[in-house]
Amino acid sequence: MSEYRLAEKAALDALAALGWQMLSPATALAMREEDNRVILKPVLVEALRALNSIGAEDAEAIYNDLATVSDNEEWQRKLRGGYSRRRTGENRDSQIALMDFKQPGRNRFHAVRQFRVVAQRPRVPDIVLFVNGIPLVVIEAKSPLKATAKAEEAFEQIKQYERDIPRLFYPNAFNLVTDGMTTLHGATGAPSQFYAPWPDAWPRHRDEFPDDLAKDLWCLCEPSHLLDLLAHFIVFEIDAETGRKIKKVCRYQQFRAVNKAVERVAEGKHRRGLIWHTQGSGKSLTMVFLALKLKTHLTLDAPTLANPNILVLTDRIDLDDQISKTFVACGLPNPTQCGSVAALREAVNRGGNGQILLSTIFKFAGSKDPIPNSADWIVLVDECHRTQEKDLGAYLQATLPDAHFYGFTGTPIKSTDKDTYARFSIAGEGYLDKYGIDDAVRDGATVPILYEGRKADWAINEAEIDILFDRWFVDLADDKREELKRKGLTVATVAKHPERTRLIAMDIWEHFKTVCQPDGFKAQIVAVDREAVILYRSALSAVIAADLERGGVEAEMAKAKAEAMIACVYSKSQEDNKPSENPEVAALRAGLEAHYLDDAAEKDVKKRFKAFGQQPSFLIVCDKLLTGFDAPIEHVMYLDKPLKEHNLLQAIARTNRTCAIKLTNGGEIEKPNGRIVDYIGVTAHLDEALKSYRSEDVENAMRDIAILRNDLKEVHARYRAQKRAMGLEGMDEKAAAYAAAKLAAGGQEDDWFDLQRLTRNFIKVYGDLSPDPAILEFTAEVRWASAFLRLATQAISKDESLDHRSYSGKIREMLEQHVHVTGLSTTIRLRNITDPNFADDFATDGKAEPELHEAFIRKSAELRRVTRELVDKNPAQYGRFSERVLEIIRRFEEGQLAAADGLRDFQGLTGDIEAEQGAHAELGMDENAFSILRIIEAIVPDTNHATLQDAAIGIGAVYSEAAATQPAFAQMEAYLRSLRQQVRRILAEHDIGETKVIREKVEDFAIHAYGGAA
């Protein structure tokens, strides 16, 4: 009841206040032709007639057209005005408007609660929002009293809806999950980690709303805002490495910045603006959204937006290529990459026809002649602070004197940088929009960056370079020492001392083994120059190989494995292949030749570095890949190069990307932070390295790891206080778990949820800080807490606690050892149905009631997990088993079933599952074809079984061939259509009816089974 009162009803009330008209489930059902349809037909027909001045016959035909569209991107195109059709009495196609973006009041906005859609597995989303009868937003509401529900259940249900009733999500713009206090939005098909909050109510303020729910729904669902989001802030990006299409919806800072810039262009008063969106927060995508709204501006009219030309400039060729690929991947109209000065000038001079050009600032070097139509151009400059160097900004201004200029940067602008502010800001404004480091960390757009200085005696202070030189080179022959001094003492001279390099390589490997390797994260090593890259490669490879040998790996294999773990990325020099009589120089040059990667090899290495489970694990660099290189899997940067200002900020940001690694056991590890391990002493003088920035802009660029030590003490104190308050102090793990279960059953469920949350936080912070020595005093408590949490979750929820699978590998290993030592493994270690010992619990004779109760809890958790995984594979085949598990648990909890009887029911259910899993072999079919057979059987149960079997085998072969020849077929709409035609032909040949329903259900299954969809 609290879920409806505190979340669902509260959301409906807020929506009503925004102008949404409420429809009862019954009223909405009457507007749908059938209960498996999702469009409110009379609403759509009425809207079509009003918006397009057409008759009922044409509106009916358009409805029939739209009812067959089964691709989200195609729906998006049609909703934005890309839909044409021939009207009655006309001889050519004309555009059909599905909604009026400029006049929101001409559209019809309806909200329906408990919207039931019938399918093989009927589903009932809490709230669905319709614009002109088209379902655009699905809202899942969960009780705020249940801490776990908000984080897990709501997302799980959205994923179930998308899988089981896909028709509802064909036109979907985005989804919302809310508990009445916190609201998160995510794109159709997005994993839970990409759902985001909308904390800023721009252009309004938070205090104008009664609560956060009202504010969030105004931001996302107020009619004009929703139409703006639909029109300009949704893109479909093709991942260049996987070929998969990913739908992306803007974050609030992108919406805010784009609309500020567009309003300024439309107003025409000021022709510039400076936008700082910190690295990792989606700056390139912000530029895409801005270009899209400037080009299409569906929600507003302005003479300045009639048909603008857009010029996107970067300061590096690789960034030019990166942004160009982003624009093209997002389907932006006619982006053209200008590779030469002549092509750029010719295109700019031509102007006047809605071009989008992408190029580098260097193309304007030396250009002083203004082009005549520069007022028609809107220039978006990436990393704009660097474009002021070498007078490039002045050349750009001279060439396009009357253009609009909008500067973007991922790092704050220096307080002393007058030129960038003058070029891109209006007087006194500073930033048009700012999304700083703290903003991104708070929102979860990036992870915080922690730093730690290692071995103070390894740090290098340039003011003391002579003293350091004498210390490190004391054993060198006098003539060698004098020769080095004559060449000039530099940081690099000391940094590349072989013994220092060897010692640091050993420290890097020991640190990496405990922080990165257990979870599959990776690292970058930043060396002082190209020679240092080769020295580090040699030293690190030797250290790793020696460690592997000590672990029992044969010498040659150890060396090969160590070599595979490391890749070097640096630029080539003409000196590299020159001979030298100095053996050290010759060896270094040979190394630079041997380990250099050309463009193709570098691209391959970067791809493998970004991939979980592939080598290399280390990238050693000196200059390359310190900017513009996004590898979310990078957890640590080992820094041995002096960096300052934006070079430092851009380099350390390689570690700030969020990353979630899916484990083979179904768990998921989230990267808790980025880490900078400083060997050269940069972080010891952080204020000096960043002194040219305003302190408030960079105060949390990096946070000392000592902060985590304080956090650990704080979360431990809160956890212990709640544990004492519930009377669990002094108990062993099992006794405390069952005591907590009694308290929860007796009305203290909220206390259990608080303890569960606090225990999670305590274990998480402990893992984040490990292997820091500060954790040692908490180790025993973490062991107790983790075992208790897993036991109590099983006892209370009759489900497996997923928490242990989200712990870091370094923590999991410690916990598993503790589980065995305390004798809890039989309770906590959940077995799969294929485990030979799975049936042990079913023997009930001679067992006391507590043993039977414990066995029932374990079997409940095991079978819930097993059936959930099977239903994900094929709901038509395994849905009934999941429902039987839940029914047995319900009867047990309500006292209708004893533990022994429940175990016997579970035993029978297990046998039925095993029989179903083996049924395909008895029929001589593969698993996927058999699953297709089960889908068809459920739809046409009276058809001859042999006929259905033959058809299922044929259909399975169609999708198997598609997967073999076109691995990305699930993202290829035209190819999917051809597959549907083949399936229809097979069904027709076997005289099987209901072909449309079968084709839709089979395709949904096939995309998951054959297409590798998540």
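As the structure is a computational prediction, the values presented were derived from the model and not from experiment.

Section: the confidence of the model for the chain
Chain-level pLDDT for the chain is 83 on average; 87% of the residues reach the 70-or-more range. When the criterion is pLDDT under 50, residues 145–151 qualifies, and its contacts beyond four places in sequence or with other chains add up to 15 contacts.

A closer look at helix H39 (residues 973–989)
For H39, with 17 residues, the first-to-last C-alpha span of 24 Å sits near the 24 Å given by 1.5 Å per residue. Among all positions in H39, only Leu976, Leu979, Arg980, Val983, Ile986 and Leu987 are buried. Buried residues along H39 cover an arc of 120° about the axis, so they all sit on one side. Exposed residues lying more than 90 degrees from the buried face of H39 are Ala974, Ala988 and Glu989. Buried residues along H39 sit in contact with helix H38 (945–965) and helix H40 (995–1009). Looking one or two places after H39, you find aspartate 991, whose phi comes out positive at around 55°.

Brief notes about helix H13 (residues 392–399)
Among all positions of H13, only Leu392, Gly393, Leu396, Gln397 and Thr399 are buried. The arc enclosing the buried residues of H13, seen along the axis, measures out at 165°, which places them on a common side.

Focus: the side chain of lysine 247
Mapping lysine 247 onto the fold places it in strand E10 (residues 245–249). Lacking a salt bridge, the buried lysine 247 has glutamate 162 as its closest oppositely charged neighbour, with an N-O distance of 8.2 Å. Within the local environment of lysine 247, its side chain forms a polar contact with the side chain of asparagine 72, the two groups lying 2.8 Å apart.

Some details on the pairing of strand E22 (residues 634–639)
Counting buried positions along E22 gives six out of six residues, so the element sits mostly inside the fold. In this sheet, E22 lies alongside strand E19 (residues 522–526) in parallel orientation, the contact comprising five bridges. Looking at the pairing, valine 526 lines up with leucine 639 of E22. Direction of pairing for E22 relative to strand E25 (residues 674–678): parallel, over a ladder of four bridges. Pairing of tyrosine 638 across the sheet is with valine 677, part of E25.

Things to note about the state of the cysteines
Overall, the coordinates contain zero disulfides when judged by the stated rule. Free cysteine cysteine 568: the closest other cysteine sulfur is in cysteine 622, separated by 9.6 Å.

Points about the environment of glutamine 524
Here glutamine 524 lies in strand E19. With 96 residues separating them in the primary sequence, glutamine 524 and isoleucine 620 have C-alpha atoms 5.8 Å apart. Those residues in contact with glutamine 524, other than ones at most four positions away along the chain, are Leu619, Val621, Lys624, Leu625, Leu626, Glu634, Val636, Met637, Tyr638 and Arg654. One polar contact links the side chain of glutamine 524 to the main-chain carbonyl oxygen of leucine 625, over a distance of 3.2 Å.

Description of the packing of helix H27 (residues 706–725) against helix H30 (residues 779–797)
Interhelical geometry of H27 versus H30 gives an angle of 50° and a closest axis separation of 13 Å. Viewed along their axes, H27 and H30 adopt a mutual orientation that is oblique. Handedness of the crossing formed by H27 with H30: left-handed. Contacts between H27 and H30 involve His716, Tyr719, Arg720 and Lys723 from the first element and Glu781, Trp784 and Ala785 from the second. Taken together, the residues of the contact of H27 with H30 break down into three nonpolar, one polar and three charged.

With respect to the packing of helix H34 (residues 849–873) against helix H36 (residues 899–922)
Direction vectors running N to C along H34 and H36 enclose 30°, while the axes themselves pass 9 Å from each other. Judged by the inter-axis angle, H34 sits roughly parallel to H36. The interaxial crossing formed by H34 with H36 has left-handed handedness. Mapping the contact onto sequence places Glu849, Leu852, His853, Ala855, Phe856, Lys859, Ser860, Leu863, Thr867 and Leu870 in H34 and Ala899, Ala900, Gly902, Leu903, Phe906, Thr910, Ile913 and Gln917 in H36.

Thoughts on the side chain of arginine 999
Counting through the fold element by element, arginine 999 comes out in helix H40. As a buried residue without a salt bridge, arginine 999 has its nearest oppositely charged side chain in glutamate 1000, at a separation of 6.9 Å. In contact with arginine 999, other than residues within four places in its own chain, are Arg980, Val983, Arg984 and Leu987.

Quick word on the sheet that holds strand E1 (residues 21–23)
Within the open sheet, the six strands sit side by side as E1-E4-E5-E6-E7-E8. Their pairing is mixed. Of all the strands in the sheet, just E1 and strand E8 (183–187) have a single pairing partner and so form its edges. Here the average twist between neighbouring strands, direction ignored, is 25°. Sheet topology places strand E7 (residues 174–178) next to E8; five bridges connect them, and they run antiparallel.

Comments concerning the pattern of salt bridges
All chains considered together, the criterion is met by 60 salt bridges. Note that aspartate 65 and arginine 85 form a salt bridge whose closest N and O atoms lie 2.9 Å from each other. Remark: arginine 85 occurs in strand E2 (residues 84–86) and aspartate 65 occurs in helix H4 (residues 56–67); sequence separation between them is 20 residues. When its relative accessible area of 30% is taken as the criterion, aspartate 65 is described as partly exposed. Across the pair aspartate 905 and arginine 891 runs a salt bridge, and its minimum N-O distance is 3.7 Å.

Looking at unusual backbone geometry
With an omega dihedral of 5°, the bond running from tryptophan 202 to proline 203 counts as a cis peptide bond. Within the secondary structure layout, proline 203 lies in the loop between E8 and helix H7 (212–221). We note that glutamine 114 has phi near 50°; this positive angle belongs to a residue other than glycine. Structurally, the position occupied by glutamine 114 is in the loop between strand E4 (109–113) and strand E5 (127–131). We classify glutamine 114 as partly exposed; its relative accessible area is 27%.

Let's talk about the sheet that holds strand E21 (residues 618–621)
Here we have seven strands laid out as an open sheet, ordered E20-E21-E19-E22-E25-E18-E26, and parallel in their pairing. Bordering the open sheet on either side are strand E20 (566–569) and strand E26 (703–704), each of which pairs with just one other strand. Sheet analysis places strand E18 (residues 449–453) next to E26, joined by two bridges and oriented parallel. Within E26, the residue paired with leucine 450 across the bridge is arginine 703.

A closer look at the packing of aromatic side chains
Taken as a whole and assessed by the stated rule, the structure comprises 22 aromatic pairs. Here the guanidinium or amino end of lysine 723 rests over the ring plane of tryptophan 784, the centre of that ring lying 3.7 Å away.

What to know about the pairing of E5
Extensive coverage of E5 is indicated by the burial of five of its five residues. Side-chain alternation along E5 places Ile127, Leu129 and Val131 on one buried face and Val128 and Phe130 on a second face that is also buried. Note that E4 and E5 share five bridges and pair antiparallel. Looking at E5, one finds that histidine 110 is bridged to phenylalanine 130. In the sheet, E5 pairs with strand E6 (residues 134–141) via five bridges, with the strands oriented antiparallel. What sits directly across from valine 128, in E6, is valine 138. Counting the residues in the hairpin turn of E5 and E6 gives two residues, including asparagine 132, whose phi is positive at 55°.

Rules and cut-offs
Residues numbered from 1 in each chain as written. Predicted model: local features only at pLDDT ≥ 70, side-chain atom pairs only at ≥ 80, totals over all residues. Heavy atoms only, no water. pLDDT = per-residue confidence, 0-100. Contact = heavy atoms within 4.5 Å. Helix = DSSP H or I, 4+ residues; strand = E, 2+ residues; numbered from the N terminus. Expected span 1.5 Å × (residues − 1). Buried < 20%, exposed > 50% of the residue type's maximum accessible area, 1.4 Å probe, protein only. Arc of directions from axis to C-beta. Lys, Arg positive; Asp, Glu negative; His and termini not counted. Salt bridge = Lys/Arg side-chain N within 4 Å of Asp/Glu carboxyl O. Polar contact = N/O pair within 3.5 Å; in protein donor to acceptor, adjacent residues only side chain to side chain. Pairing = 2+ DSSP bridges. Disulfide = S-S within 2.5 Å. Axes fitted to C-alpha atoms, helices over the stretch in contact; angles between N-to-C directions. Parallel < 35°, antiparallel > 145°, perpendicular 65-115°, else oblique. Left-handed = near helix turned anticlockwise from the far one by under 90°. Nonpolar A, V, L, I, M, F, W, Y, C, P; charged D, E, K, R; others polar. Phe/Tyr/Trp six-rings, centres within 6.5 Å; stacked < 30°, edge-to-face > 60°. Lys NZ or Arg CZ within 6 Å of the ring centre and 35° of its normal.

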